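Below are the chains, spelled out letter by letter.
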Amino acid sequence: MFDYLLPTTVAEACGYLAAHPQAQPLLGGTDLLVQLRNGKRQADCLVDLKAIPELAGITATDDGGVALGARVTLNEILASPLVAERYPVLTDALRRVAAYPVRNRATLAGNLVNASPAADSAPPLLVLDAAVELSGPAGSRTVPLAEFFLGPGRTALQPGEILTKVLIPGTFATWPGAYGRQARRRALDLAIVGVAVLGGPPRPGGPVSWRLAACAVAPTPVRLRAAEAELGAGLPDDARLLRAAALAAAEVHPLSDVRSSEEYRRAMVELHLRRTVQAVRQQLEG
Amino acid sequence: MHKTITLKVNGSLETVSVPADRRLLAFLREDLQLTGVKRGCGEGECGTCVVLLDGEPVNSCLMLAVEADGREITTVEGLAPSGRLHPLQEAFIRHHGVQCGFCTPGMLLSATALLQRSPHPSDEEILTALEGNLCRCTGYTQILAAIRDVADSRTT
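As the structure is a computational prediction, the values presented were derived from the model and not from experiment.

Thresholds, definitions, all that
- Residues numbered from 1 in each chain as written.
- Chains lettered and ligands numbered in written order.
- Predicted model: local features only at pLDDT ≥ 70, side-chain atom pairs only at ≥ 80, totals over all residues.
- Helix = DSSP H or I, 4+ residues; strand = E, 2+ residues; numbered from the N terminus.
- Rg over C-alpha atoms; globule rule 2.2 N^0.38 Å.
- Buried ≥ 20, exposed ≤ 12 C-beta atoms within 10 Å, placed from the backbone.
- Contact = placed C-beta atoms within 7 Å.
- Core = buried A, V, L, I, M, F, W, Y, C linked by C-beta atoms within 7 Å.
- Arc of directions from axis to C-beta.
- Pairing = 2+ DSSP bridges.
- Axes fitted to C-alpha atoms, helices over the stretch in contact; angles between N-to-C directions.
- pLDDT = per-residue confidence, 0-100.

**Section: the overall build of chain B**
At step 1: When helices and strands are counted, chain B shows five helices and five strands.
At step 2: Listing the helices and strands of chain B from first to last along the sequence gives β-β-α-β-β-β-α-α-α-α.
At step 3: Taking 2.2 N^0.38 as the reference for a compact globule, 156 residues should give roughly 15 Å; the C-alpha atoms of chain B span a radius of gyration of 15 Å, in line with that estimate.
At step 4: With respect to the three principal axes, the spread of C-alpha positions in chain B is 50 × 30 × 25 Å.
At step 5: For chain B, the residues scored as buried account for 47% of the 156 residues in total.
At step 6: For chain B, the proportion of contacts with a sequence separation of at least 24, taken over those separated by at least 6, is 60%.

Right under this line is the structure:
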């Protein structure tokens, strides 16, 4: 049994959440309603954030980046020409999340706040150096996404705080990128492994650097620093790429669970890192 | 803990009082007797409960009835309001796209929304549109043929 509130301002929502620790913020509900039903989460009230005007919309920012309001659904992001042009690595990952009807409700903000180690939106946002804007009774603050995840289901959100915006800086806008994903089937399954690869900047003959991140291989989504260091600058040859992929498999800390063994996850990190870097390398060469 | 909501269901305007925690799926099936909406997994994995929300497919098990306030819902019953079958329903029958029939309402609604937004979809687009609807009999090939048939026979 829970009540339902539909506030129209961030202050109203945060005020209620701060005063009622048993209340939960609601966006798409695609994770929350399932967790409430199977008892993984409790709530005496759901505070629906979808009527707050300032949480809507995808906007270009002054630094050439993009700001995504918390209400924005995954399908809205996938339909955005601005996001597709600036951050192909993000659209490549989001189109693999769940299935079309779920993406009509599920939000990017909700995927981050849920803090699943297998969150598909996290690796692309980590390689893009994204940050999240958090608002609470004490005001707003911006936290780098890399510092937002604390563990499975745990984030830097304080009581009464909500995630209001996802901010992607212009630094890596238009860099080629791709997302490699292993799952038991194409749709409607969590990732066994997800690997985001960003390479750029996209100038023929110019210097190239690489940024890599993965999900479902550690308690939180992680950057793959050892593999990045091995790829170094420029377009790696196949020998170097194989060494980098082996380092990625060694630097992650996967679990064995119902979807996969630890060994299989390491092997899939290696495979998808290799394939995904090859795909981005081809775009940079082309 | 009851909320009064006003919504349009299959073209007819309803103002009703619902418990705040009632799922849209339970509201449609049990309160409005629209049993064409099927309950499968209850957690967004199977697509049998898909309905159209302002024309776009959503899983009714992953929504509260109160979230539909002010919106328009279409269930499979709304595809044939006058008792005359929708072209997609005719095509599903013609191509034997129905076996046990449990996935059919969700399949039809996902396909209806697809043809609304993309009248001449590629095979890839059809597969993506149906990726949230599981069929266990399985009639995927015939379902694809039925949708292809309706899309190809359109003149616009």
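Structure's up, so let's keep going.
**Focus on the nonpolar core**
At step 1: If you look at the biggest cluster of nonpolar residues, it comprises 141 residues, and the most contacted ones within it are Val89(A), Leu128(A), Leu212(A), Ala214(A), Ala248(A) and Val269(A).
At step 2: Ignoring anything within four residues of it in the chain, the contact list for Ala214(A) reads Pro123(A), Val193(A), Gly194(A), Val195(A), Pro221(A), Val222(A), Leu224(A), Val252(A) and Val269(A).

**Details of helix α2 (residues 87-94) of chain B**
Residues and elements named next belong to chain B.
At step 1: Among the residues making up α2, those that are buried are Leu88, Gln89, Ala91 and Phe92. Seen from one end, α2 has its buried residues packed into an arc of 160 degrees, which puts them on one side.
At step 2: Those residues of α2 that are buried lie in contact with α3 (104-117) and α5 (140-152).
At step 3: Within two residues after α2, His96 carries a phi angle of roughly 55 degrees, on the positive side.

**Thoughts on the interface of chain A and chain B**
At step 1: Every contact between the two is made by 20 residues of chain A and, on the other side, 24 residues of chain B.
At step 2: Those elements that place two or more of their residues in the side of chain A that touches chain B are β1 (3-5), α2 (32-37) and α6 (100-103) of chain A.

**Overview of the sheet that holds strand β2 (residues 23-26) of chain A**
All names here are of chain A.
At step 1: Taken together, three strands build an open sheet; the order of strands is β1-β3-β2 and the sheet is parallel. Strands with a single pairing partner mark the edges of an open sheet, and in this sheet they are β1 and β2. Geometrically, the sheet is characterised by an average inter-axis angle of 25 degrees between neighbouring strands, direction not taken into account.
At step 2: Bridge count for β1 against strand β3 (residues 45-48) is three bridges, and the pairing is parallel. Residue pairing in the sheet places Asp3 in a bridge with Cys45 of β3.
At step 3: Its contacts with the sheet put helix α1 (residues 10-19) on β1, β2 and β3, and the angle it makes with β2 is roughly 150 degrees.

**Considering the sheet that holds strand β3 (residues 50-53) of chain B**
Residues and elements named next belong to chain B.
At step 1: Taken in spatial order, the five strands of this open sheet run β2-β1-β5-β3-β4, and their pairing is mixed. Edge positions in the open sheet fall to β2 (12-19) and β4 (56-59), since each of these has one partner strand only. Pairs of neighbouring strands in the sheet enclose a mean axial angle of 40 degrees, with direction left out of account.
At step 2: Where β3 meets strand β5 (residues 72-74), two bridges bridge the pair, whose relative direction is antiparallel. Across the sheet, the residue bridging to Leu52 is Thr74, located in β5.
At step 3: Seen against the sheet, α3 touches β3, β4 and β5 and runs at an angle of roughly 30 degrees to β3.

**Observations regarding the environment of Val280(A)**
All names here are of chain A.
At step 1: With respect to the helices and strands, Val280 occurs in helix α12 (residues 262-285).
At step 2: Residue classification places Val280 among the buried positions, given that 23 C-beta atoms sit within 10 Å.
At step 3: Along the sequence, Val280 and Leu78 sit 202 residues apart, while their C-alpha atoms lie 20 Å from each other.
At step 4: The contact partners of Val280, leaving out residues within four places of it in the chain, are Pro176, Gly177, Ala178, Val197 and Gly199.

**A word on the pairing of β3(B)**
At step 1: Here β3(B) shows a buried face lined by Val50(B) and Leu52(B) and a second buried face lined by Val51(B) and Leu53(B).
At step 2: Taken together, β3(B) and the strand that follows it, β4(B), pair antiparallel across an intervening segment of two residues, in which Asp54(B) is found at a positive phi of about 50 degrees.

**Section: the confidence of the model for chain B**
At step 1: Across chain B, the average pLDDT comes to 96, with 99% of residues at 70 or higher.
At step 2: Overall fold confidence (pTM) sits at 0.97, and the ipTM for the predicted complex is 0.97.

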